[in-house]
Amino acid sequence: MQNSRWRAAAPAAVVLASALALSSCSGGTTDTVPEEPVSGGTLVYASGDAEPTCLDPHVGGNYPQALVASQFLETLYTKDQDGQIVPWLASGADVSDDGTTVTLHLREGISFSDGTAFDAAAVKANIEHVLDPETGSSTGYLAMQKVESMEVIDPATLELGLSAPDAALFESFTQTWNAMMSPAGLERSQEENCAAPIGTGPFVVEDWARQESVSLTRNDDYTVPNPEATADPSHTGPAYLEGIEWRFIPESATRYSALQSGTVDMIDNAQPDSIASAEQSDAIEHLDAPRPGASNRIELNSSKAPFDDARVREAFVRSVDVDAAVDSLFFGTAERSYSPLSSVEPMGYSDESLFGYDPDEAARLLDEAGWTERDAAGYRVKDGERLSVHLPISTNQSVPAEQSLFEQLQATAKESGIEVTTELLDLGSWYGALGEHEYDLVSAPYTKVGPDVLRILFHSDSTEPAPSGYFANHAMVRDEGIDAALEDASSADDEAERASLYADVQAEVLEGYYLLPLYDQQNHFLHSTSLRGIGETTAVATPTFHNAWLAD
Amino acid sequence: MKILRWLLTRLAGGLFVLWAVATLVFIGIRLVPGDPVEAIVGGPGSQAGPEAFALARAEYGLDEPLIVQYGLMLANLVRGDLGTSYSLKVPVAEAVSEQLPGTLALALLAWGLAWLLALSVALFTALATGPRLSRVADAAGSGLEIFAAAVPHFWLGSVLVLVFATSLGWLPPVATDSPAGLVLPVATLALPLAGFLGQVMRESLATALASPFALAARARGESETGVVLRHGLRHAALPGISLSGWALGSLISGAVVVEALFARGGLGRTLLSAVTLRDIPLVTGVVLVSALTYVVVMAAADVVERLVDPRLGTTTATRAAQPDLAAGGGRP
């Protein structure tokens, strides 16, 4: 997936900076002539995420799986350099007038690395695999739920019957959690397929030494399916790199130190302090690739007191000084958001005017809502009860800078008489607390390509728990108007109509103070300057290395 | 006969420990929030469908009543079957045996280094002569030991990385294939243990050197070095040996931190991930293997203790009559 969803100004500046750095570093050539990529060498990549328990991203389906699987699996669709959804392994599609029949056309002459042909039967086997309960798919399964039937018309044509029109289908096809694997590989046991999924990508899984690294080697038969969508359309053959050693270094200081010492060439999950320090270094470059889907935001549980009162929700939002906290804790690496959607989503809608820090307004709203008394500790009181809200924090989901941010918000809310109690929890306990409704505030990331994430986050259906107890609508928005707009948007066949419906929904939830947007889902990478040709990412913002090469 | 009885007691005790550990893990992991079945279908917060959940529950027997699950687990354990990991989808025995050598190597090296350091400091302070030098050496040794014993692995490891990897660039900050990659993890694990061992050793060495048998040896004209090496050391080593079980426990809990910090594969990291995901068979497997190692080390420490201190094998009457165990041990 040689594509990028870079459209924001900041990443563009990074591209420019890397281009400048690249040209100025080129020994022997003039400053204006770009260097000729060199083939060979093994890239050592260090991921800060937990090691996946299965390399097949259909199983479960989380971000660490997508990061590594993007190197050896490819998707039917992708995002091109302008952020447009374009065919990748597919060559196009026809959608029937009622929107329930989708005819997928597939590129011919593509093979999986085991020699199995990529054809309609293979796509069918993959969608079946995602939907099969035996697979235990979570993310991929959610995205393919509307697929009801599949018919192989000929090797290059597959007809999908949908239970309802799905405007998000092609966005779903760009996600690595719905990537294509060899049907022969899928027929193996889950244990075997998890250890080494077989794809069409530029690299192949060679070996997985658990708890240490995944070894990837170059796929020498690789051809870029859609060169026009990539940064270098002239490079259509195998990757420059001979292989990738994909390591897992969970501790962020160690990870950064490994990059500095040259033990690794690239790291992900770079923390604000490391990024700030790297800015001072000539040997390290920064790649900022915000994740698609939702922005990072604090959701306010509107289903119970005190946030069942919109005035109290607004009072909380007005009482916390987010900008000051973000500035001091993220060293300028995170830009403030005022939208439910990520800045990479073309249909994102922002309203900065709703989120200014305004303790006077907070005080007025709280008085109006009846929280007029104060207790000995200075907190507001109503009917003998303190204005206290609970914020469970996942240590897996919130990086240390974000945890500190919550502490600062806690401190500024206190000045307005709102007590915020926080609790640090491991992932299982955190999801447990959410499932039990033991929260008034929560920050839960959600990555998905396209604005359909709004349906997942704000449709009343999402207040009903899944079998695991999980529900995505943490703000507990239950609004018939919002539901109707989200459903219309899902079946809209016109992009402008879809955009306007989604804008309405976003305006509604922002004005209802169901959420406090913070910043994009942070996704920072640092790499050594000798690693060139970096910058392309998949639609889910995972970096790809087909055009990457190592300079001496 | 005596040996047989000793063996049987040890064996029974060991089995009891293993049973108790398996039971505690079984209960403990169900007391924390989170449904173990989620580990099978993508981890906490999974949004897999109801059929996927039902299927996973049935496949791993999680739809049975708890008491039946417990019984099945014990029956499987008795047959030596550790089950299949929920998250990794591979047999637990395979996952554990893959990670065990890495952790054992780390623990053994750290244990060896800790002994070496502890003995060196104890000997150095004991051999420092002259009233002033000995007082200074004693204070320095004791201060170092208390500091080393008190620092948390995480802090120590981070500081070592900062100094030796980031600033000086002498050693790789993460584990690598070369022996250099082992230095920082081993040192991080060894130093706190060395501090603790050093304290107990130095104290018993001092006690031994002040006892009548040491005086007698000196009176026989032995040099101070000879007294320390031939008579004192055995005394100094004894508490260290009997603390081996405890030391192993500290090494294993330290390995969880050190393996994560230095990105080394091993049981510690496996355990961390298994606990996060509520992967019951994998948690049980790792804890049982650690417990088994503990039982074996305790038994071995018992044997070694008897070799070093022959009094332990004989009656208490002769033990009291034989204060100089070095002499009793028969030196040439």
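Residues numbered from 1 in each chain as written. Chains lettered and ligands numbered in written order. Predicted model: local features only at pLDDT ≥ 70, side-chain atom pairs only at ≥ 80, totals over all residues. Heavy atoms only, no water.

**Some thoughts on the pattern of salt bridges**
Residues and elements named next belong to chain A.
Inference 1: All chains considered together, the criterion is met by 20 salt bridges over all chains.
Inference 2: For R336, the salt bridge is made with D323, and the minimal N-O distance between the two is 3.0 Å. With a gap of 13 residues between them, R336 in the loop between helix 11 (322-330) and helix 12 (359-368) and D323 in helix 11 connect regions that are remote in the sequence.
Inference 3: Judged by relative accessible area, D323 falls into the partly exposed class, the value being 36%.
Inference 4: Here D367 makes a salt bridge to R380, at a shortest N to O gap of 2.6 Å. On the criterion of sequence distance, the pair formed by D367 in helix 12 and R380 in strand 15 (residues 380-382) is long-range, its members being 13 residues apart.
Inference 5: For R380, a relative accessible area of 5% corresponds to the buried category.
Inference 6: Among the charged side chains, a network of salt bridges with common partners joins D309, R311, E361, R364 and E368. (Salt bridge = Lys/Arg side-chain N within 4 Å of Asp/Glu carboxyl O. Helix = DSSP H or I, 4+ residues; strand = E, 2+ residues; numbered from the N terminus. Buried < 20%, exposed > 50% of the residue type's maximum accessible area, 1.4 Å probe, protein only.)

**What to know about the domain arrangement of chain A**
You'll often see interface size given as the accessible area lost when the parts meet.
Residue and element names in this part refer to chain A.
Inference 1: Domain boundaries in chain A define domain 1 (2-289 + 523-550) and domain 2 (296-519).
Inference 2: On a C-alpha basis, the centroid separation for the pair domain 1 and domain 2 is 31 Å.
Inference 3: Listed as interface residues are 24 residues of domain 1 and, on the opposing side, 23 residues of domain 2.
Inference 4: Buried surface at the junction of domain 1 and domain 2, both sides included, amounts to about 1,700 Å², of which 58% is carbon and sulfur.
Inference 5: At the junction of domain 1 with domain 2, the criterion picks out one salt bridge.
Inference 6: If you list the elements that add at least two residues to the side of domain 1 that touches domain 2, you get helix 5 (169-173) and helix 9 (272-279).
Inference 7: In terms of residue count, the dominant contributor to the side of domain 1 that touches domain 2 is helix 9 (four residues). (Domains from an automatic or database assignment. Contact = heavy atoms within 4.5 Å. Buried area = accessible area lost by both parts, 1.4 Å probe.)

**Structural notes on a negative patch on the surface**
Residues and elements named next belong to chain A.
Inference 1: A grouping of D97, D98, D461, E464, E487, D488, D493, D494 and E497 is seen on the molecular surface, where their side chains present a negatively charged patch.
Inference 2: Along the chain, E487 falls in helix 16 (residues 480-491).
Inference 3: The class of E487 is partly exposed, set by a relative accessible area of 43%. (Patch = residues over 30% accessible without salt bridge, like charges linked within 9 Å, V, L, I, M, F, W, Y side chains within 5 Å. Areas by Shrake-Rupley, 256 points an atom, 1.4 Å probe, with all protein chains shown as cover. Lys, Arg positive; Asp, Glu negative; His and termini not counted. Charge placed at Lys NZ, Arg CZ, Asp CG, Glu CD.)

**Re the sheet that holds strand 13 (residues 296-300) of chain A**
The strands that make up a sheet pair up through hydrogen bonds in the backbone, lying either parallel or antiparallel.
Residue and element names in this part refer to chain A.
Inference 1: Spatial ordering of the open sheet is given by 19-13-20, a layout of three strands whose pairing is antiparallel. With one partner strand each, in any of the chains shown, strand 19 (441-442) and strand 20 (515-519) form the two edges of the open sheet.
Inference 2: Across four bridges, the pairing between strand 13 and strand 20 is antiparallel. Within strand 20, the residue paired with R297 across the bridge is P517. (Pairing = 2+ DSSP bridges.)

**Things to note about the interface of chain B and chain A**
Inference 1: At the junction of the two partners, chain B supplies 45 residues and chain A supplies 38 residues.
Inference 2: On the chain B side of the interface with chain A, the three residues burying the most area are B:Q47, B:K89 and B:R269, jointly 18% of the side's total.
Inference 3: Along the contact surface separating chain B from chain A lie one salt bridge.
Inference 4: Measuring nitrogen to oxygen at the nearest pair gives 3.3 Å for the salt bridge that ties A:D426 to B:R278.
Inference 5: Our count for the contact surface shared by chain B and chain A stands at twelve residue pairs in polar contact (both at pLDDT 80 or more).
Inference 6: Every element with two or more residues in the side of chain B that touches chain A is listed here: helix 2 (50-59), helix 4 (92-127), helix 6 (153-167), helix 10 (244-261) and helix 11 (267-277) of chain B.
Inference 7: Ranked by the residues each element gives to the side of chain B that touches chain A, the list is headed by helix 2 of chain B, at six residues.
Inference 8: Among the residues forming the side of chain B that touches chain A, the class breakdown is 22 nonpolar, 14 polar and nine charged. (Polar contact = N/O pair within 3.5 Å; in protein donor to acceptor, adjacent residues only side chain to side chain. Nonpolar A, V, L, I, M, F, W, Y, C, P; charged D, E, K, R; others polar.)

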